[in-house]
Amino acid sequence: MMQCQYKHLINGQWESSETLGANINPSDLDDLVGNYAQGDQQQTINAIEAAKTAFQSWSCSPIQQRFDMLDAVGSEILARKDELAKLLAREEGKALSDALGEVIRAGQIFKFFAGECVRQTGDKLASTRQGMEVEVTREPVGVVGLITPWNFPIAIPAWKIAPALAYGNTVVFKPAELVPASAWALADIIHRAGAPAGVFNLVLGKGSIVGETLVNHLDVAAISFTGSEGTGRNIASKVVARMGKVQLEMGGKNPLVVLDDADLEVAAEVAVNGAFYATGQRCTASSRFIVTKGIHDRFVAAVVNKMGKLEVGHALDTNTKIGPVVDKKQLDNVCQYIRVGKDEGAKLAFGGEILQRKTKGFFLQPTLFTQANSSMRIAKEEIFGPVACVIKVADYEEALAVANDTVFGLSSGIVTTSLKYANHFKRHAHSGMVMVNAPTAGVDYHVPFGGRNGSSYGSREQGRYAAEFYTTVKTVYIAS
Ligand code: ADP
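Thresholds applied
- Residues numbered from 1 in each chain as written.
- Predicted model: local features only at pLDDT ≥ 70, side-chain atom pairs only at ≥ 80, totals over all residues.
- Heavy atoms only, no water.
- Helix = DSSP H or I, 4+ residues; strand = E, 2+ residues; numbered from the N terminus.
- Expected span 1.5 Å × (residues − 1).
- Buried < 20%, exposed > 50% of the residue type's maximum accessible area, 1.4 Å probe, protein only.
- Contact = heavy atoms within 4.5 Å.
- Pairing = 2+ DSSP bridges.
- Axes fitted to C-alpha atoms, helices over the stretch in contact; angles between N-to-C directions.
- Domains from an automatic or database assignment.
- Buried area = accessible area lost by both parts, 1.4 Å probe.
- Salt bridge = Lys/Arg side-chain N within 4 Å of Asp/Glu carboxyl O.
- Polar contact = N/O pair within 3.5 Å; in protein donor to acceptor, adjacent residues only side chain to side chain.
- Phe/Tyr/Trp six-rings, centres within 6.5 Å; stacked < 30°, edge-to-face > 60°.
- Lys NZ or Arg CZ within 6 Å of the ring centre and 35° of its normal.
- Near = heavy atom within 4 Å.
- Areas by Shrake-Rupley, 256 points an atom, 1.4 Å probe, with all protein chains shown as cover.
- Nonpolar A, V, L, I, M, F, W, Y, C, P; charged D, E, K, R; others polar.

Another aspect to go through is helix α3 (residues 81–92). The end-to-end C-alpha distance of α3, which contains 12 residues, comes to 16 Å, matching closely the 16 Å that a straight helix rising 1.5 Å per residue would cover. Residues Leu84, Ala85, Leu87, Leu88, Ala89, Arg90, Glu91 and Glu92 constitute the buried set of α3. Packed against the buried residues of α3 are β1 (4–6), β4 (20–24), β5 (32–37), α2 (63–79), α4 (96–117) and α6 (180–192). Gly93, located one to two residues past α3, shows a positive phi value of around 100°.

The seven strands lie next to each other as β15-β18-β19-β14-β13-β20-β21, forming an open sheet whose pairing is mixed. The sheet is open, and its two edges are formed by β15 (347–350) and β21 (433–436), each paired on a single side. Taken pair by pair, the neighbouring strands of this sheet meet at an average axis angle of 25°, ignoring direction. Most of the contacts of helix α10 (residues 293–307) go to strand β14 (residues 286–292), to which it runs at about 140°, and overall it touches β13 (254–258), β14, β15, β18 (367–370) and β19 (387–393). Along the sheet face, helix α13 (residues 396–403) touches β13, β14, β19 and β20 (411–415) and points at about 160° away from the line of β14.

Segmentation of the protein chain into domains returns domain 1 (5–250 + 446–479) and domain 2 (254–436). Here domain 1 and domain 2 have C-alpha centroids that lie 31 Å from each other. Taken together, the contact pairs 33 residues of domain 1 with 32 residues of domain 2. Between domain 1 and domain 2 the total buried area reaches about 2600 Å² when both faces are included, carbon and sulfur atoms providing 60% of it. As a salt-bridge pair, Asp30 and Lys360 come within 3.6 Å of each other at their nearest N and O atoms. Our count for the domain 1 to domain 2 interface comes out at 12 residue pairs in polar contact (both at pLDDT 80 or more). Breaking the side of domain 1 that touches domain 2 down by element, the ones donating at least two residues are α3 and α4. For the side of domain 1 that touches domain 2, the element with the highest residue contribution is α3, accounting for four residues.

Here we come to the packing of aromatic side chains. In this description, a pair of aromatic rings is defined by centroid distance and the angle of the planes. Counted according to the given criterion, the structure contains 11 aromatic pairs. Seen in terms of ring centroids, Trp150 and Phe384 are 5.5 Å apart; in terms of plane orientation they differ by 80°. Their pairing is edge-to-face. Of this pair, Trp150 sits in the loop between β8 (143–147) and α5 (155–166) while Phe384 sits in the loop between α12 (377–380) and β19; the two residues are 234 residues apart in sequence, bridging distant segments of the chain. Seen in terms of ring centroids, Phe469 and Tyr470 are 4.9 Å apart; in terms of plane orientation they differ by 90°. Their pairing is edge-to-face. Since its relative accessible area comes to 1%, Tyr470 is described here as buried. Cluster of aromatic residues (ring-pair linked, three or more members): Phe112, Phe113, Tyr167 and Tyr445. In this arrangement the basic side chain of Arg66 is found over the ring face of Trp58, its NZ or CZ atom lying 6.0 Å from the centre. A cation over a ring is seen here: Lys321 above Tyr277, with NZ or CZ 4.6 Å from the ring centre.

Lining the immediate surroundings of the ligand are 17 residues, of which Thr148, Lys174, Glu177, Glu212 and Ser228 lie closest. For the ligand, an oxygen atom lies 2.9 Å from a polar atom in the side chain of Glu177. With respect to the ligand, the side chain of Ser228 contributes an N or O atom lying 2.7 Å from an oxygen atom. Protein chains bury 80% of the 550 Å² of accessible surface belonging to the ligand in isolation. Every element with two or more residues in the shell around the ligand is listed here: α7 (207–216), β11 (220–226) and α8 (229–241). Each residue belonging to the shell around the ligand can be placed in one class, and the counts come to six nonpolar, eight polar and three charged.

Per the stated rule, a full pass over the model turns up 23 salt bridges. Two residues, Glu139 and Lys474, come together in a salt bridge whose shortest N-O distance is 2.9 Å. Taken together, the residues Glu139 in strand β7 (residues 132–140) and Lys474 in strand β23 (residues 471–479) connect sequence positions 335 residues apart. For Glu139, a relative accessible area of 30% gives the class partly exposed.

Pairing is mixed across the open sheet formed by three strands, whose spatial order is β1-β5-β4. The sheet terminates laterally at β1 and β4, the two strands that pair on one side only. Between one strand and the next, the sheet's axes are offset by a mean angle of 30°, whatever the strand orientation. Relative to β5, β1 is paired through three bridges, and the arrangement is parallel. Looking across to β5, one finds that Tyr6 is bridged to Tyr36. Contacts between α3 and the sheet are confined to β1, β4 and β5, with β5 contributing the most and set at about 85° to the helix. Strands β1, β4 and β5 of the sheet are contacted by α6, whose axis makes an angle of about 75° with β1.

Here it is, written out as structure tokens:
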């Protein structure tokens, strides 16, 4: 297959670096997707300065211009969805069907925020004082730094870049090192859709260099980050210390409650989809199945049966349902957790083995532990791979308590045919998103996404709620 060199986009120009990084296909380690430029501190500063200059005009640009640009980006992504999905699956390893879904979602996000450009509103209010009127409007915040992870190489960048530009901000985008190709493809589309020089900048490279420079630079008004909890905390402390705006989306340890009255087929399908699709590498993946005792054994048998039918293999193979783990480091980490689960006394009900396929890659069986409990590390810490555990409970009340017994709070789900329990769970689950008879992962593009506690910090992403982060409010008094 073709190899490429992926460059930065700084002030409207494609630019390389002395140091290059290799982008390797996790389904086939002999397949080099391309080499990417690794940006340095000066290149990052140049991008920030270009964005600062461009902000003067972009922040006042006609909303029609912004609409046209974002709409064109969305159209091109959708028109090239098959090719972009292949590239994504090749560099990240998710199965082609999942990659296609992600690319379509990215296109839809750009279309949604194109619409938001021409739907921006404010308030006009009466004043409490005689002869005075009040207006409340939203204005862009300035240069925003967008730092993204490897697990959704196009959708997460899309849901940060599209609202940032729609509301009149300028952008410096730093994608994860493992997925520069999708980021480059997106930057190329935005550039050709007519983003003026400096409005949108891409700097590829390391978190410790490009990311840190963005986080510490006083001209970066806001940082939106998705990634691991440790990195998120570190970023937040630095941005807050300099009075910047920050938004974090981090990990999850998402519970799926299954009650005795659940439809068994629905429960097993929701569980397998939520835990193992996309190789479990989703922050919304279900990792704890909390199951009442009357259905427990039947549920485990049904899930194990489905797991046995999941084809693990090369992401581009059309039979594949579960692609490889993204890289060696991540594979080692997940395997370490499998060892920890066994040592802690959980029972391995399925999987746990590394698999050999025709090509060299990081293939791992989807893995299920039973006899787990909330004090075990496999039930407490985010594993971020195709591993889930089952915790048996007596009744709904215990299930809810166990579900909420976590430092995270992104997504949670319940499978039940009882309206009473579904309603109670909706209200009392400590998470930003709740799914009833649906997988904990898999969300719409037009509504808010985010969590509570250790999962998220700052205002929500996506939908109209994105305006909260990407704008600042101005209150104007007019005396007549
Ligand atoms: P993961 O473990 O999934 O790679 P990280 O939180 O390390 O998650 O990475 C998410 C994103 O944050 C990546 O783009 C990465 O390069 C970036 N990053 C990592 N460390 C830092 C840092 N110290 N400052 C800013 N960005 C960082």
